[in-house]
Amino acid sequence: MRWKASCSKKVLIANRGEIAIRVMRACRELGISTVAVCSEADKNALFAKYADEAYLIGPAPSSQSYLNMEAILAVAKNTGAEAIHPGYGFLSENPVFAKRCEEEGIVFIGPPSHVIAEMGSKIRARNLMAKAGVPIVPGTKDAVEDPVEAVKIAEEIGYPVLIKASAGGGGIGMKVVNSSDEFATALSSTRQMAGSAFGDSSVFIEKYVEEPRHIEIQILADGYGNTIYLSDRECSIQRRHQKLIEEAPSPIMTPELRAKMGEAAVRVAKTIGYVNAGTVEFLYSKGNFYFLEVNTRLQVEHGITEMVTGVDIVREQLRIAWGEKLEFNQEDIIIDGHSIECRINAEDPLNDFAPSPGKIRGYRSAGGPGIRVDSGVHTGYTISPYYDSMISKLCVWAKTRDAAIARMERALYEYVVVGVKTNIPFHKAVMRNPAFRRGDLTTAFIEDNNIMEAVEEVVKADAEKGATLASALEAKDKKVAAITAAVHAYVSMAQKTQR
Ligand code: MV4
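Nothing here was measured: the structure is a model prediction, and the numbers come from that model. Each chain carries its own residue numbering, running from 1 in the direction its sequence is written. Given that this is a predicted model, residues contribute local features only at a pLDDT of at least 70 and side-chain atom pairs are listed and counted only at 80 or more, while totals for whole chains, interfaces and linings are drawn from all residues. Side-chain numbers come from the whole structure's heavy atoms, not from hydrogens or water.

Q: Now, about the pairing of strand β14 (residues 338–345): what can you tell me, with residues and values included?
A: Summary of the burial criterion: residues with accessible area below 20% of their type's maximum are buried, those above 50% are exposed, and those between are partly exposed, where the area comes from a 1.4 Å probe applied to protein chains only. Helix and strand labels come from DSSP, where a helix needs a run of H or I of at least four residues and a strand needs a run of E of at least two; each type is numbered from the N terminus. With 8 of 8 residues buried, β14 is to be regarded as a mostly interior element. Residue alternation in β14 divides its side chains into two sets, His338, Ile340, Cys342 and Ile344 and Ser339, Glu341, Arg343 and Asn345, and both sets are buried. Two strands are counted as paired when DSSP detects at least two bridges linking them. Across 4 bridges, the pairing between strand β11 (residues 242–248) and β14 is antiparallel. Bridged to Glu246 within β14 is Glu341. Sheet topology note: the β14/strand β21 (residues 390–398) ladder contains 8 bridges and is antiparallel.

Right under this line is the structure:
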């Protein structure tokens, strides 16, 4: 579907929070008007106010609002929006929604629906990649059902192996198997889990790559066959498949490896007829990399790639969607400096990262040189228990990785959130960790480095510091002043803990 040649363009953003604002920022710079859709819980949210128009689409639960395809399509039609940007999560990787947009003559800002569907099947994706000469983890070509046959395959591959749901992804529906006697049970339970979670019980087997790094490549493809890779991103620091810290480039990256992985990612994109922005995920271990999956959406962590390449990925998504050509080619992409993102979440790191929804009573984000904060919150904003608990994405840029770490530590020092618990102490603990500073990362980083013990120390130290500052300043109920926000936050936090 092509964008109409009209001069006034209008985009509906089928998302909420910081990513809705991020997309609208690009629209504003391009002179595109914006339509927000929101749930009852988000009527007063910043993103709904930022938009040129905003419409209520349903109650707070996302199943009745942000996942309600027909309600969203109706708003698009009634407002004359020519295109829908789905953001991340919600409907962003739903091939049915992309198809419905296509049917209604609305541009879906993402790849064609058949590409989303094809990448949704991990077995299909694996086979396509193998054919295109992209390295994949040794494993089965087809779905496995018969446990006797499956054990034979597992023995050939060599234990440990992973049983993965074909319809899975992002870590859902996987099981590690260490020996033949565990195999039959693991197979039937994974199949059952996949069946009830995805309505598709097909599973496949892969060699289990131990303590890998998660490295992904951002790509851009226009509708004229121009496909390029931007930066790589290291996303190994995650907890239960929730990424917490990402950086670009990966500490292990060399120009040679980047070219190899980048070219593999472009081959992936070309093989499947990819159009728009996307990410190709790889596992990296001992000098080898293996295709994992394709994320057919804008990702949370796209900002760090923007910081090291200078490319506005959302702007390019919009331009590609209305049929324009990429204005640059591979040679124009130069990685400059280093960028790190910390996801600031309203959750309690000392209580198993339990969500901490509620009212933000005091708020001041970090600022100054090399800082980018994408958020949808402000003082007085109430974090709803209905949606994910992300407060903001704190990104820094500096010339070198060491300087970026120092800058992130400074930014975390400045960052003030009063009223809800946040994972800022977690980020502080990681930034000062020697293994992190060496760039020694794997997907088991948090457990391998006793990060949670360090988090407890940070929380304690911050509280003590707050108490000291409180007595030094003899502050009681002083308002958080702009310049001394960090200091006063400690004061007021200390007062709260004393009560
Ligand atoms: C793997 C793996 C080890 N070996 N595949 C998890 C998310 C999904 N995209 C694939 N995942 C993994 N696949 C093989 N053959 C380890 C993981 C994995 C992981 C991958 C990326 C980031 C974090 C992870 C945490 C645990 C396991």
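Q: I'd like a description of the site of the ligand, backed by residues and values.
A: The cutoff for a nearby residue is simple: one of its non-hydrogen atoms must lie within 4 Å of the molecule or strand. Surrounding the ligand, one finds 18 residues, the nearest of these being Lys164, Glu206, Lys207, Val209 and Glu293. In protein, a polar contact means a hydrogen-donor-capable atom and an acceptor-capable atom, both N or O and within 3.5 Å, with residues adjacent in sequence counting only if both atoms are side-chain atoms; elsewhere, any N or O pair within 3.5 Å suffices. In this structure, a nitrogen atom belonging to the ligand sits 2.7 Å away from a side-chain N or O atom of Glu206. Lys207 places a main-chain nitrogen or oxygen 2.7 Å from a nitrogen atom of the ligand. A 1.4 Å probe and the Shrake-Rupley method give the accessible areas. Residues count as covered only by the protein chains that appear here. Within the complex, the protein chains bury 91% of what would otherwise be the 520 Å² of accessible surface of the ligand. Of all the elements in the fold, those that place two or more residues in the shell around the ligand are β6 (161–169), β8 (203–207), β12 (276–285) and β13 (288–295). Gly falls in the polar group here, along with every residue not listed as nonpolar (Ala, Val, Leu, Ile, Met, Phe, Trp, Tyr, Cys, Pro) or charged (Asp, Glu, Lys, Arg). Of the residues that constitute the shell around the ligand, the class distribution is 7 nonpolar, 6 polar and 5 charged.

Q: Can you lay out the nonpolar core for me, pointing to particular residues and giving the numbers?
A: The term nonpolar core refers to a set of buried residues drawn from Ala, Val, Leu, Ile, Met, Phe, Trp, Tyr and Cys, joined through side-chain atoms within 4.5 Å. Leu12, Ile84, Leu220 and Phe426 are the most contacted members of the largest nonpolar core, which totals 100 residues. Throughout, a contact is declared for two residues whenever any of their heavy atoms are within 4.5 Å. In this structure, Leu12 is in contact with Val35, Val37, Ile72, Val75, Ala76, Ala81, Ala83, Ile84 and His85, ignoring residues within four places of it in sequence.

Q: I'd like to hear about the packing of helix α7 (residues 147–157) against helix α8 (residues 180–198), residue by residue, with values.
A: Axis geometry follows a simple rule: fit a line to the C-alpha atoms, using only the stretch in contact for helices, then measure angles between N-to-C directions, giving values from 0 to 180 degrees. Running from amino to carboxyl end, α7 crosses α8 at an angle of 130 degrees, the nearest separation of the two axes being 10 Å. With respect to α8, the element α7 is oriented oblique. Once α7 is placed against α8, the crossing between them reads as right-handed. Across the interface between the two elements, Pro147, Ala150, Val151, Ala154 and Glu155 from α7 touch Ser180, Phe183, Ala184 and Leu187 from α8. Taken together, the residues of the contact of α7 with α8 sort by class into 7 nonpolar, 1 polar and 1 charged. For this classification, under 35 degrees means roughly parallel, over 145 means roughly antiparallel, 65 to 115 means roughly perpendicular, and everything else is oblique. Helix crossings get a hand from a simple test, with the near helix turned counterclockwise from the far one by less than a right angle marking a left-handed crossing and a clockwise turn marking a right-handed one.

Q: Account for the sheet that holds β8, with residues named and values stated.
A: Two strands in a sheet stick together by hydrogen bonds in their backbones, pointing the same way (parallel) or opposite ways (antiparallel). A sheet is described by the order of its strands in space; here 3 strands give the open sequence β7-β6-β8, paired in antiparallel fashion. Since the sheet does not close on itself, it has two edges, and those belong to β7 (172–177) and β8, each with one partner. Sheet twist, expressed as the mean angle between neighbouring strand axes with direction ignored, is 25 degrees. As judged from the 5 bridges shared by β6 and β7, these two strands associate in the antiparallel manner. When the bridges of β7 are listed, Ile163 appears paired with Lys175.

That's the geometry; what it means functionally is another story.
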